[in-house]
Amino acid sequence: MAGLGVRFVQRVSSTRAFAKVAPHVVPVLDRGVHRLTRGRFLLSTQMLPGVLLTSTGARSGLPRRTPLACMPEEDGKSWLLVGSNFGRPGHPAWSHNLLAHPDAVVSWKGRDIPVTARLLAGEERAEAWTALLGFWPPYATYQARVTREIPLFRITATP
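Residues numbered from 1 in each chain as written. Predicted model: local features only at pLDDT ≥ 70, side-chain atom pairs only at ≥ 80, totals over all residues. Heavy atoms only, no water.

Participant: Mind laying out the pairing of strand β2 (residues 63-69), listing which residues take part and the relevant values?
Facilitator: Of the pairings in the sheet, the one linking strand β1 (residues 50-56) to β2 comprises seven bridges and is antiparallel in character. Following the sheet pairing, Thr56 is matched in β2 by Pro63. Where β1 folds back on β2, the antiparallel hairpin that results is connected by six residues, among which Gly61 adopts a positive phi of roughly 75°. (Pairing = 2+ DSSP bridges. Helix = DSSP H or I, 4+ residues; strand = E, 2+ residues; numbered from the N terminus.)

Structural data, given as structure tokens:
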């Protein structure tokens, strides 16, 4: 049954209607639930692992909190973030923030972890993209919908 639920969510999340509505609803719900549970829970993590990224605004210099789906890596100290913007044309604001200020903090399973972000390119990006498509196939639909290359970031815990 869980497999059917995941496939249903993957199908729904690949639609254009979802891309229009989700960016306005999902982050607001996630931030509220995260605050109410003192960082222990994100609503969207019921289908995908997620972090609450606190980055520094590229222009404002102010802290910006963004709930994001992520793919945890096997080392337990790094995660892949996908700048898909739900398959919409523009890059998400958080990706601009990480490019300008790569030092950030993620809330992961109730813990705040300082991280450094790095934009992936070349072979490293290709390998990560293949792994991400196996992890969450709708990313292929998002990429097909836009002309820009969806940015991939590896965020790694800083000592």
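Participant: How would you explain the pattern of salt bridges if you had to name every residue and give the values?
Facilitator: As enumerated under the stated definition, the model contains four salt bridges in all. What you see here is one network of salt bridges that share partners, running through Glu73, Arg118, Glu124 and Arg154. (Salt bridge = Lys/Arg side-chain N within 4 Å of Asp/Glu carboxyl O.)

Participant: Any chance you could break down the pairing of strand β4 (residues 78-82) for me, citing the residues and the numbers?
Facilitator: With five of five residues buried, β4 is to be regarded as a mostly interior element. Note that strand β3 (residues 71-72) and β4 share two bridges and pair antiparallel. Within β4, the residue paired with Pro72 across the bridge is Trp79. Linkage of β3 to β4, two consecutive antiparallel strands, is achieved through a turn of five residues, within which Gly76 is found at a positive phi near 75°. Where β4 lies against strand β7 (residues 152-157), five bridges are found, and the strand directions are antiparallel. Within the sheet, the bridge partner assigned to Trp79 lies in β7 and is Ile155. (Buried < 20%, exposed > 50% of the residue type's maximum accessible area, 1.4 Å probe, protein only.)

Participant: Residue-level account of the confidence of the model for the protein, with values.
Facilitator: On average, residues of the protein score 84 in pLDDT, and 70% of them are at 70 or above. Predicted confidence in the protein is weakest over helix α1 (residues 2-13), with a mean pLDDT of 58, and strongest over β7, with 98. (pLDDT = per-residue confidence, 0-100.)

Participant: So what's going on with helix α4 (residues 122-135)? Which residues, and what values?
Facilitator: Between the first and last C-alpha of α4 there are 20 Å, a value that for 14 residues agrees with the 20 Å anticipated at 1.5 Å per step. Of the positions making up α4, those classed as buried are Arg125, Ala128, Trp129 and Leu132. Around the axis of α4, the buried residues are gathered within 105° of arc, so they sit on the same side. The exposed residues of α4 that point more than 90 degrees off its buried face are Glu123, Glu127, Thr130 and Gly134. On its buried side, α4 packs onto β3, β4, α5 (138-145) and β7. (Expected span 1.5 Å × (residues − 1). Arc of directions from axis to C-beta. Contact = heavy atoms within 4.5 Å.)

Participant: So what's going on with the packing of α4 against α5? Residues and values would help.
Facilitator: At a minimum axis distance of 8 Å, the contact between α4 and α5 shows a crossing angle of 120°. Considering the angle they form, α4 stands oblique to α5. Contacts between α4 and α5 pair Arg125, Trp129, Leu132 and Leu133 from the former with Tyr139, Ala140 and Gln143 from the latter. Per-class residue counts for the contact of α4 with α5 are five nonpolar, one polar and one charged. (Axes fitted to C-alpha atoms, helices over the stretch in contact; angles between N-to-C directions. Parallel < 35°, antiparallel > 145°, perpendicular 65-115°, else oblique. Nonpolar A, V, L, I, M, F, W, Y, C, P; charged D, E, K, R; others polar.)

Participant: Give me the lowdown on the environment of Gly76, citing residues and values where you can.
Facilitator: The topology assignment puts Gly76 in the loop between β3 and β4. Among the residues examined, Gly76 registers a relative accessible area of 52% and is labelled exposed. In sequence terms Gly76 and Ala157 are 81 residues apart; their C-alpha atoms lie 9.1 Å from each other.

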